[in-house]
Amino acid sequence: MTIMEKPGAHGTLIAPDTLEIRRVLPAPPERVWAWLTDGELRRKWLAAGEMTLVPGAECELVWRNDELTDPPGTRPGDIGDENRMTCRVIAVDPPRSLSITWGKASDVTFTLAPRGEGTLLTIVHARLPDRASLLGVSAGWHAHLGVLVSLVEGSKPAPFWDAFTALRTDYDQRLP
């Protein structure tokens with residue numbers, strides 16, 4: 001296991017506009033795939049929304065991060081209680097990879113690979129338009145993956161917003 005795969009490891013820039021973050025989850029790829037693609041499971045750690053796994057299909061992701069953890073922590077004043085974004089499936093290869101547009105500005109690719117009895121989940125978020133977006137998605141993916149790891153492990157996740165706020169400050173100091 002590399003440092004990037006450890007629980008809580010920071011994402012890294014693999015290009016000036018591209019973040020990569022990895023986690024090893026204690027579940028087989030098929031189960032992790034369900035957490036990515038099933039709207040009811042995905043809403044528990046990231047965002048709700050039905051997703052048709054066909055290239056070109058659109059889906060609306062709906063974030064209600066106050067509902068991810070109990071307690072939710074203190075939401076930053078610059079973020080609303082609900083956020084929506086239309087994405088489009090770019091490519092799909094169950095249960096190995098999924099690529100989607102992230103709104104109109106960027107793309108995200110999820111890659112799953114067996115790792116012992118678990119799964120290495122790699123997220124590459126590319127074409128981030130500016131530093132503010134880079135900081136937001138870096139802290140966001142990191143905090144959301146913390147919730148996912150806890151759920152897959154069967155443990156209680158830490159308050160989402162408190163983690164997000166601390167991570168946004170941390171990434172602000174780490175990233176150029």
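Residues numbered from 1 in each chain as written. Predicted model: local features only at pLDDT ≥ 70, side-chain atom pairs only at ≥ 80, totals over all residues. Heavy atoms only, no water.

### Focus: the layout of surface pockets
Thinking step 1. For the largest pocket, the calculated volume is near 590 Å³.
Thinking step 2. Lining the largest pocket are 25 residues, with W63, W102, G136, V137 and F164 positioned closest to its centre.
Thinking step 3. Elements with a minimum of two residues in the lining of the largest pocket: β4 (83-93), α3 (131-153) and α4 (160-174). (1 Å grid on protein atoms, 1.4 Å probe; cavity = no way out; pocket = protein on both sides within 12 Å on 5 of 7 lines; lining within 4 Å. Points joined across faces, edges and corners; volume = space filled by probe spheres on them. Helix = DSSP H or I, 4+ residues; strand = E, 2+ residues; numbered from the N terminus.)

### Examining the packing of aromatic side chains
The geometry of two aromatic rings is summed up by the distance between their centres and the angle between their planes.
Thinking step 1. Taken as a whole, this structure holds six aromatic pairs when the rule is applied.
Thinking step 2. Ring geometry for F110 versus W141: centroids 5.7 Å apart, planes at 80°, classification edge-to-face. Taken together, the residues F110 in strand β6 (residues 106-115) and W141 in helix α3 connect sequence positions 31 residues apart.
Thinking step 3. An angle of 75° between the planes, with centres 5.0 Å apart, marks the rings of F160 and W161 as edge-to-face.
Thinking step 4. Classification of W161 by relative accessible area gives buried; the value is 2%.
Thinking step 5. An aromatic cluster of at least three residues, connected via ring pairs, comprises W63, W102, F110 and W141. (Phe/Tyr/Trp six-rings, centres within 6.5 Å; stacked < 30°, edge-to-face > 60°. Buried < 20%, exposed > 50% of the residue type's maximum accessible area, 1.4 Å probe, protein only.)

### Let's talk about the environment of S133
Thinking step 1. With respect to the helices and strands, S133 occurs in helix α3.
Thinking step 2. For the pair formed by S133 and S106, sequence separation is 27 residues and the distance between their alpha carbons is 9.8 Å.

### Overview of the pattern of salt bridges
Thinking step 1. Under the counting rule described, the total for this entry stands at eleven salt bridges.
Thinking step 2. One salt bridge connects R168 with D78, and the closest N-O pair in it is separated by 3.0 Å. Linking R168 in helix α4 with D78 in the loop between β3 (58-63) and β4, this pair joins segments that are 90 residues apart in sequence.
Thinking step 3. Taking the shortest distance from any N to any O, the salt bridge between E82 and R84 comes out at 2.7 Å.
Thinking step 4. You can call R84 partly exposed: its relative accessible area is 46%.
Thinking step 5. One connected set of salt bridges, linked through shared partners, spans E60, R64, E82 and R84. (Salt bridge = Lys/Arg side-chain N within 4 Å of Asp/Glu carboxyl O.)

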